[in-house]
Amino acid sequence: MGNLLWIAIAYVMGSIPFGLVFARTFCGVDPRTGGSRNVGATNVARLCGTKWGVATLLCDALKGALPVAIAMSFSDSAFFHSLTALAALVGHLHSCFLGFKGGKAVATTVGVFIPLAFGQLVLAGIACLLVIWRSGFVSLGSLTLVTALPVFLLVYGKWKLLPLALVVMALVYWSHRENIGRLARGEEKPWQKKHHDAA
Ligand code: G3P
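Predicted model only: the values in this text are computed from it and were never measured. (Residues numbered from 1 in each chain as written. Predicted model: local features only at pLDDT ≥ 70, side-chain atom pairs only at ≥ 80, totals over all residues. Heavy atoms only, no water.)

Student: Lay out the nonpolar core in plain terms, naming residues and giving numbers.
Tutor: Counting residues in hydrophobic clusters, the biggest one holds 25 residues, and the most contacted among them are Ala85, Val112, Phe113, Leu116, Leu153, Leu164 and Val168. For this core, the secondary structure elements donating two or more residues are helix H5 (78-93), helix H6 (106-116), helix H7 (118-135), helix H8 (138-155) and helix H9 (162-175). Here Phe113 is in contact with Phe118, Leu121, Leu149, Leu153, Leu164, Ala165 and Val168, once residues within four sequence places are set aside. (Core = buried A, V, L, I, M, F, W, Y, C linked by side-chain atoms within 4.5 Å. Buried < 20%, exposed > 50% of the residue type's maximum accessible area, 1.4 Å probe, protein only. Helix = DSSP H or I, 4+ residues; strand = E, 2+ residues; numbered from the N terminus. Contact = heavy atoms within 4.5 Å.)

Student: Could you give an account of the site of the ligand, with specific residues and numbers?
Tutor: Residues in contact with the ligand amount to twelve residues; listed here are only the nearest, Ser36, Arg46, Lys104, Ser142 and His176. Ser36 places a polar side-chain atom, nitrogen or oxygen, 2.5 Å from an oxygen atom of the ligand. Between the ligand and the protein, one listed contact pairs an oxygen atom with a side-chain N or O atom of Ser142 at 2.6 Å. Relative to its free-state accessible area of 310 Å², the ligand is covered by the protein chains to the extent of 94%. Every element with two or more residues in the shell around the ligand is listed here: helix H3 (41-48) and H8. Looking at the shell around the ligand residue by residue, the class counts come to two nonpolar, seven polar and three charged. (Near = heavy atom within 4 Å. Polar contact = N/O pair within 3.5 Å; in protein donor to acceptor, adjacent residues only side chain to side chain. Areas by Shrake-Rupley, 256 points an atom, 1.4 Å probe, with all protein chains shown as cover. Nonpolar A, V, L, I, M, F, W, Y, C, P; charged D, E, K, R; others polar.)

This is how it looks when you write it as structure tokens:
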């Protein structure tokens with residue numbers, strides 16, 4: 001019963017739309033109507049500047065890291081840790097505060113894996129940053145992150161987290177389906193270009 005309650009709390013924490021709150025409060029825009037129309041850090045940075053993008057990234061990561069870290073403090077079950085992580089991610093993707101719509105769950109993915117598999121997350125993060133640096137596409141970097149994560153978990157023998165990483169990969173690919181279409185058609189604009197267009 002306690003565990004189920006915690007999973008519900010993780011969902012509500014994941015649902016907090018920090019990007020929308022920051023963008024509306026501090027720069028007077030609704031990210032759902034500008035740029036890529038996403039409430040995540042990339043679009044908030046695009047519309048409101050790097051400072052609010054970074055704030056969104058940190059808070060969206062924190063709302064994933066916190067419920068998982070707390071779950072790890074009172075349970076040893078990797079299955080329960082994974083369900084808690086998934087609840088926070090589903091909260092971000094289908095927020096109860098946004099009519100069950102939401103973001104793309106990249107920052108929250110980073111957050112949930114901080115307490116679960118920090119070393120493998122850092123390696124996947126390096127791959128992600130290299131791809132963004134070389135291509136200019138944040139979306140391609142995000143897809144690289146969630147693809148590299150299960151590979152590094154496999155390499156380092158963290159089997160118990162593999163189901164979570166594979167489900168996360170599927171969820172993030174799905175949340176990026178429009179980005180993937182644009183990338184395939186050569187229509188995805190690099191970060192700087194989108195920022196310029198949105199301004
Ligand atoms: O984390 C989201 C990023 O991968 C793509 O964001 O706004 O360019 O669709 P956006």
